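Chain and residue survey
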Amino acid sequence: MTDKTTIHLPYADLVALLQSMFEKNGVSEHNAKILAENCAGCERDGSLSHGIFRMAGYISSLNSGWIDGKAVPEVEDVGPAFVRVDAKGGFAQPALFAARPRLIEKVKENGVAVLAIRRSHHFSALWPDVEPFAEEGLVALSVVNSMACVVPHGGRKAVFGTNPVAFASPRAGAAPFVFDQASSAIAHGDVQIAARAGHELKPGMGVDREGQPTNDPKEILDGGALLPFGGHKGNSIALMVEILSAALTGGYFSGEFDWSGHKGAQTPFTGQFFIVIDPARGGNDVFAERVAGICDLVLEAGQERLPGDRRHVTRAKSEKDGIPLSIDGYDTLRALALS
Ligand code: NDP
Ligand code: PYC
């Protein structure tokens, strides 16, 4: 029996649709292609909090004048192992794209290099930024801060963003090992999705506007806040992300930028940081086999699956059958595209 509530779109068709939407809303052709591939890749892999669900937010932000969709990032070579980019108020992904060749050259030359992006908007998942490094045999770690919606452990006022950390490593005989996780108990996007669907959250994820624990996503969005994952430990990771992504890069902290003059702005204007390592410099020529070995041990010990496995299963299915979009989601997207 065919499912009449879902349509399946080839990746290339979704990219083309999203690219035209970005271009129609003031993004240059070059930047629009990068963003469309990123967004379609999230949808293809089932990273639904950062797939087509985000298009309304991208468009709203662009139309508010908060982002420069045509920004041309300025890449600066500032040391043997240090690349810096001023994203000039544009998106982080074109800044990464512009800096990548120089960054990889430095990693090959020195065994390690860092990339500091500032004055950038990041509105997506972080795994698409690190996974390609691991596909080229490199180890990569990236962090990005966002907008203040997370109260520090034991605190009363939102200071941190949902501040994800993503890590990617080559793994012999399999796709790279990749994890990508917010330092809040749940990503803000998933709170919005739960609110829209009328679902309660698990306990321990957020507080209402009075600072009282709540499982109601609407109360969290309406003046409440999220909590760091894992109490004081997640809190320190969120703080580290602010330090690396903003203090070190010259970008804004999550609670520092002022978007009040841009009605409809939704994209955080912060910074992003990367460390990329050539594992061959470790003197261990079976690095990727060792990574596969420890992953196997974890699975043999009883962990049901590894991070990234769900995405790869979803990706394989999308590549075979097309990317599943609910008819409602597709109609909303097309309405946005025509508006
Ligand atoms: P999840 O908690 O859903 O997943 C975090 C990681 O854990 C993923 O790598 C996931 O792999 C893995 N994982 C989940 N369940 C299991 C399991 N049962 N066993 C083993 N591994 C598991 O993600 P978050 O809610 O923390 O974040 C969602 C997204 O939001 C991320 O992509 C993040 O980058 C993005 N985000 C972006 C922000 C920004 O400022 N741009 C801010 C905050 C979040 P898998 O994917 O395979 O399920
Ligand atoms: O889901 O927390 C989130 C988020 C913030 C910015 C982009 N995504």
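That block above? That's the structure.
Residues numbered from 1 in each chain as written. Chains lettered and ligands numbered in written order. Predicted model: local features only at pLDDT ≥ 70, side-chain atom pairs only at ≥ 80, totals over all residues. Heavy atoms only, no water.

Section: the packing of aromatic side chains
A complete count under the given rule lists 12 aromatic pairs for this structure. Just above the ring of phenylalanine 123 sits the side chain of arginine 54; from NZ or CZ to the centre is 4.6 Å. Over the aromatic face of phenylalanine 133 sits the side chain of arginine 100, whose NZ or CZ is 4.4 Å from the ring centroid. (Phe/Tyr/Trp six-rings, centres within 6.5 Å; stacked < 30°, edge-to-face > 60°. Lys NZ or Arg CZ within 6 Å of the ring centre and 35° of its normal.)

Comments concerning the layout of surface pockets
Empty pockets left among the atoms are what a rolling probe the size of a water molecule brings to light. Each pocket or cavity is described by its volume, and for the largest pocket that value is around 870 Å³. Lining the largest pocket we find 35 residues, and of these Ser49, Asp180, Gln181, Ala182 and Ala187 sit closest to its centre. Of all the elements in the fold, those that place two or more residues in the lining of the largest pocket are strand 7 (177-181), helix 6 (188-197) and helix 10 (309-321). The biggest single contributor to the lining of the largest pocket is strand 7, with 4 residues. By residue class, the composition of the lining of the largest pocket is 15 nonpolar, 13 polar and 7 charged. Within this model, the second largest pocket holds a volume of roughly 660 Å³. If you go around the second largest pocket, you meet 28 residues; those closest to its centre are Glu43, Leu48, Ile52, Phe53 and Gly329. Here the lining of the second largest pocket is composed, by residue class, of 11 nonpolar, 11 polar and 6 charged. Viewed by domain, the lining of the second largest pocket spans two of them, domain 1 (1-63 + 308-339) and domain 3 (185-227), each represented by three or more residues. (1 Å grid on protein atoms, 1.4 Å probe; cavity = no way out; pocket = protein on both sides within 12 Å on 5 of 7 lines; lining within 4 Å. Points joined across faces, edges and corners; volume = space filled by probe spheres on them. Helix = DSSP H or I, 4+ residues; strand = E, 2+ residues; numbered from the N terminus. Nonpolar A, V, L, I, M, F, W, Y, C, P; charged D, E, K, R; others polar. Domains from an automatic or database assignment.)

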